[in-house]
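# Notes for the structure review
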Amino acid sequence: MAEEKSQASSSKMLTLKASDGVLFEVELNIAKEMKTVQAYIDDCEDIETIPIPNVLGKHLAIVIEYIKKTNEEYDAEFEKQWNMDDLQLLLLAANYLNISGLQECLCKAIAKRIENKSPEYVRKVFNIENDHSPEEEAKLRKEYKWAFEGVDKD
Amino acid sequence: MENLPVEVIGNILSHLKAARDVVIASATCKKWRIACCKHLHTISFSSNDWSVYRDMTTTRLEILITQTIFQTSGLQSLSILMEDVDEFSASAVIAWLMYTRETLRQLFYNVKTMPNVNILEICGRHKLEILDLAHNSIVGVEPNYQRFPCLKSLSLSYVSISALDLNLLVSACPRIEVLELVNPEIAMSDAQVSVELSSSTLKSVYVEAISLDKFILEADGIECLHLKDCALEDFELIGKGTLKNFRIDDVSVIHLDIGEIVENLETVDISNFTIIWPKFYQMISRSSNLKRLRLWDVMFDDEDEVVDLETIATCFPHLTHLSLSYDVRDGVLHYSLQGSSYLENVVVLELGWNVINDLFSQWVEGLLKRCPILKKLVIYGVVSEAKSDEECKMLANFTTSMVELMRRYTDVDPHFKFE
């Protein structure tokens, strides 16, 4: 009985529409890995096309491929292909779509790239504007003097 | 990227983990600072992450750890692993544990505390899933009052604990699955040093550097058992035959009993051990599901005993990995290779020598013949630093015979590892 059910649900297809209009036909069990999509389906059972307004087609394609292929080996190699901008956009997508495995994989990858770096480097990489006032900044650096000792010149 | 939600940044910082990196990243802007204060769930102060810790005084370390932890909220995983620190003051450690009490799920702590802190008493118990302690003392376990309802993994290294308290501690963890004991200092009340542990949820037990008269482990669900560098008179596993993985490395034990039911054994790995073949054979001959067998640097109680392939082939038809390294002597070589049964499923063969001689290549050849679907052959050899002429010649001869052999077995991928 359980087998029939999973066969039926795995053969049902769903369409996901990315923010730039690109359409992706995916099997239901793949789409269900995206908890946001799952919630959508739970609310409106007969839906066939689900809009994904926050994610570009390019990134949705990568996310879908990840869900299909994820395993230890794949995950280890996965993050190496993307630059920092893509990693962040993928993380935003994974966050919106609520895919915990992908979120963890991407957070880990991003963290690896900012290990042992200065605040200036991290700001550059994430395009962060330093909104601390000079006094606040000085106070922080003084308070955490120990951490700022011997920061590498990256 | 101002779009990343603050919780996601908190998650990134948690993967960054190392306290110094977290502090530096959180200095980039207000949002990242908030992420560190409100959404950081994992932090680690480890001397392996940053060598500058080693140059700091203990007091300075205590201050910076306190300062950093106290800026967070909702911390779930705390690691304080400082190799070079002799001891942290009790007041500092108590402060760290009390502050994180409500939310802590994982604690890794390896520094002696002066005076000794009853960590079990103070740390958060209700959500704790992993407890990894080293160089501390555990006294006065009270299972009725101190329960660890979520604890899955318990690791105690160089911890001083009485046999009774160890027993009580394990029983205070109704969901425990993994237990690791490394070099514990077991205080005993009477002359016989014995430990008895009982848990129906334990799946994996690892014991290293323990010296006891008696060790009784009652575990109905155990799957992995690994003993290393132990001196035991009597070891008994009482269970329901669920054991899948059994490893012994450099253990001396007089009476070893892993139970009658061994049908679920998939991996047996014995190294640096003296085997009494008939007993050993009796123990594992019914493990017809065995997939991996490793007998490495083993000696036989009876000098004439040998591992014969016929027995291995007939007892373990599903064997895929076979690793053998023991003294192959002239008289026993032919006996070990006698018979004609094939090892139908072996795909990986690992063979090792301690002293290189001609017999070894004959043995390798004999084994290759019996493994029709072999894919990989790994030869492990010990090469002494000062090589005599004799040894050099032996090595050369061996290399030649290996090359000739591999020419005939082109499906096999050979590897060599020398030390």
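This structure is a prediction, so every number in the text was calculated from the model and none was measured. One numbering rule holds for all chains: residues counted from 1, following each sequence as written. Here the convention is simple: chains get letters from A, ligands get numbers from 1, in the order in which they are written. Per-residue local features are limited, in this predicted model, to residues with pLDDT of at least 70; the limit for side-chain atom pairs, both in listing and counting, is 80 or more; totals at the level of whole chains, interfaces and linings are taken over all residues. The side-chain values count all of the structure's non-hydrogen atoms but skip hydrogen atoms and water molecules.

The way it works is that DSSP assigns letters per residue, a run of H or I at least four long becomes a helix, a run of E at least two long becomes a strand, and they are numbered from the N terminus. Counting secondary structure elements, chain A contains ten helices and three strands. Reading chain A from its N end, one meets helices and strands in the order α-β-β-α-α-β-α-α-α-α-α-α-α. Each of the 154 residues in chain A was classed as buried or not, and the buried ones make up 40%. Contacts were defined at the residue level, with two residues in contact if any of their heavy atoms lie within 4.5 Å. Contacts in chain A between residues far apart in sequence, at least 24 positions, make up 57% of those at least 6 positions apart. Accessible areas in this description were obtained via Shrake-Rupley with a 1.4 Å probe; residue shielding takes into account the shown protein chains only. For chain A, the exposed area adds up to about 9,100 Å²; of that, 49% sits on carbon and sulfur atoms. Summary of the burial criterion: residues with accessible area below 20% of their type's maximum are buried, those above 50% are exposed, and those between are partly exposed, where the area comes from a 1.4 Å probe applied to protein chains only.

As annotated in UniProt, the feature "domain: F-box" (unreviewed entry) corresponds to residues 4-45 of chain B in the numbering used here. Taken end to end, residues 4-45 of chain B has its terminal C-alpha atoms 26 Å apart, with 67% of it in helix and 10% in strand. UniProt positions are given in the numbering used here, feature names are shortened, and annotations may be inferred rather than shown by experiment.

The next point concerns the environment of Lys139 of chain A. Residues and elements named next belong to chain A. With respect to the helices and strands, Lys139 occurs in helix H9 (residues 134-143). Take Lys139: its relative accessible area is 59%, and that puts it in the exposed class. The spatial distance from the C-alpha of Lys139 to the C-alpha of Ile64 is 45 Å, given a sequence separation of 75 residues.

With that out of the way, let us pick up the nonpolar core. The definition of a nonpolar core used throughout is a set of buried Ala, Val, Leu, Ile, Met, Phe, Trp, Tyr and Cys residues joined through side-chain atoms within 4.5 Å. Among the nonpolar cores identified, the biggest contains 192 residues, and Phe126 of chain A together with Phe45 and Phe88 of chain B are the most heavily contacted of them. By residue number, the principal contributor to this core is helix H6 (residues 84-97) of chain A, which donates eight residues.

Looking now at the side chain of Asn136 of chain B. Residue and element names in this part refer to chain B. Note that Asn136 resides in the loop between strand S6 (130-134) and strand S7 (153-157). Polar side-chain contacts of Asn136 include one of 2.9 Å to the backbone oxygen of Ala134. Sequence-distant contacts of Asn136, that is, excluding residues within four places in its chain, are made with Tyr109, Val111, Lys112, Thr113, Asn116, Ile119, Tyr158, Val159 and Ser160. Polar contact criterion, stated in full: a pair of N or O atoms within 3.5 Å, where within protein one must be able to donate a hydrogen and the other to accept it, and residues adjacent in sequence count only if both atoms are side-chain atoms.

Let us now look at the sheet that holds strand S17 (residues 252-257) of chain B. All names here are of chain B. What makes two strands pair is DSSP finding at least two bridges between them. Spatially, S11-S13-S15-S17 is the arrangement adopted by the four strands of the open sheet, whose pairing is parallel. Looking along the sheet, the strands with just one partner apiece sit at the ends: strand S11 (194-198) and S17. Each adjacent strand pair in this sheet contributes to an overall mean axis angle of 15°, direction not counted. Direction of pairing for strand S13 (residues 211-218) relative to strand S15 (residues 231-238): parallel, over a ladder of seven bridges. Counterpart to Glu218 in the pairing with S15 is Ile238. Fitting a line to C-alpha atoms yields each axis, with helices limited to the stretch in contact; the angle taken between N-to-C directions then spans 0 to 180 degrees.

So, on to the side chain of Asp308 of chain B. As for its placement among the helices and strands, Asp308 of chain B is situated in the loop between strand S19 (292-300) and helix H9 (309-315). Of the side chains with opposite charge, Arg370 of chain B comes closest to the buried, unpaired Asp308 of chain B, at an N-O distance of 6.7 Å. Note that His is not counted, nor are the chain ends; the positive residues are Lys and Arg, and the negative ones are Asp and Glu. Only one rule defines a salt bridge in this text: a Lys or Arg side-chain nitrogen within 4 Å of an Asp or Glu carboxyl oxygen.

All names here are of chain B. Where helix H2 (residues 19-26) meets helix H3 (residues 30-38), the closest approach of the two axes is 8 Å, and the angle between their N-to-C directions is 140°. When the interaxial angle is binned, H2 and H3 end up oblique. For the pair H2 and H3, contact is made by Val22, Ala25 and Ser26 and by Trp32, Arg33 and Cys36, respectively. Grouping the constituent residues of the contact of H2 with H3 by class yields four nonpolar, one polar and one charged. Orientation is classified from the angle alone, with under 35 degrees giving roughly parallel, over 145 giving roughly antiparallel, 65 to 115 giving roughly perpendicular, and any other angle giving oblique. Each residue gets one of three labels, nonpolar for Ala, Val, Leu, Ile, Met, Phe, Trp, Tyr, Cys and Pro, charged for Asp, Glu, Lys and Arg, and polar for the others, Gly among them.

Patch definition: residues above 30% relative accessible area lacking any salt bridge, with like charges linked at up to 9 Å and the nonpolar side chains Val, Leu, Ile, Met, Phe, Trp and Tyr linked at up to 5 Å. Just so you know, the charge point we use is NZ for Lys, CZ for Arg, CG for Asp and CD for Glu. A cluster of acidic residues, Asp42, Asp43, Glu45, Asp46 and Glu48 of chain A, forms a negative patch on the protein surface. Positionally, Glu45 of chain A belongs in the loop between helix H3 (35-43) and strand S3 (49-51).

The subject of this paragraph is the interface of chain B and chain A. Interfaces are often sized by the accessible area lost when the parts come together. Chain B puts 30 residues into the contact, and the matching count from chain A is 35 residues. Values labelled buried area give the accessible surface lost by two parts on being combined, using a 1.4 Å probe and summing over both. Roughly 3,100 Å² of surface becomes buried between chain B and chain A when both sides are summed, with 63% attributable to carbon and sulfur atoms. In this structure, the connection of chain B to chain A is made through one salt bridge. Glu136 of chain A is the partner of Lys30 of chain B in a salt bridge, and the nearest nitrogen-oxygen pair spans 3.7 Å. Applying the counting criterion to the chain B and chain A interface returns eleven residue pairs in polar contact (both at pLDDT 80 or more). Going through the elements one at a time, helix H1 (6-16), H2, H3 and helix H4 (58-70) of chain B are the ones with two or more residues in the side of chain B that touches chain A. Here the side of chain B that touches chain A is built from residues that sort into 17 nonpolar, seven polar and six charged.

Right, let's get into the packing of aromatic side chains. Each Phe, Tyr or Trp ring, with Trp reduced to its six-membered ring, pairs with another whose centre is within 6.5 Å; inter-plane angles below 30 degrees give stacked pairs, above 60 give edge-to-face pairs, and intermediate values give tilted ones. Per the stated rule, a full pass over the model turns up 18 aromatic pairs over all chains. When the centroid spacing of 5.7 Å and the interplanar angle of 45° are considered together, the rings of Trp353 of chain B and Phe418 of chain B count as tilted. Residue Trp353 of chain B is located in strand S21 (residues 348-353), and its partner Phe418 of chain B is located in strand S23 (residues 413-418); the two are separated by 65 residues in the primary sequence. Put simply, the rings of Trp353, Phe360, Trp363, Phe398, Phe416 and Phe418 of chain B touch in pairs and so form one group of aromatic residues. Across the ring face of Tyr121 of chain A, the terminal group of Lys117 of chain A is positioned such that the distance to the ring centre comes to 4.9 Å. The ring of Tyr145 of chain B carries the charged tip of Arg125 of chain B above its face, separated from the ring centre by 5.3 Å. Should the NZ of a Lys or the CZ of an Arg lie within 6 Å of a ring centre and within 35 degrees of the ring normal, that charge is described as sitting over the ring.

The next thing to look at is the sheet that holds strand S2 (residues 23-27) of chain A. Residue and element names in this part refer to chain A. Ordered by their spatial adjacency, three strands build an open sheet running S2-S1-S3, and the pairing between neighbours is mixed. Both edges of this open sheet fall to S2 and S3, since each of them pairs with a single strand only. Between one strand and the next, the sheet's axes are offset by a mean angle of 30°, whatever the strand orientation. Here strand S1 (residues 13-17) runs beside S2; their pairing, made up of five bridges, is antiparallel. The residue of S2 that forms the bridge with Leu14 is Val26. Against the sheet, helix H4 (residues 57-69) contacts S1 and S2, and its axis sits at roughly 15° relative to S2.

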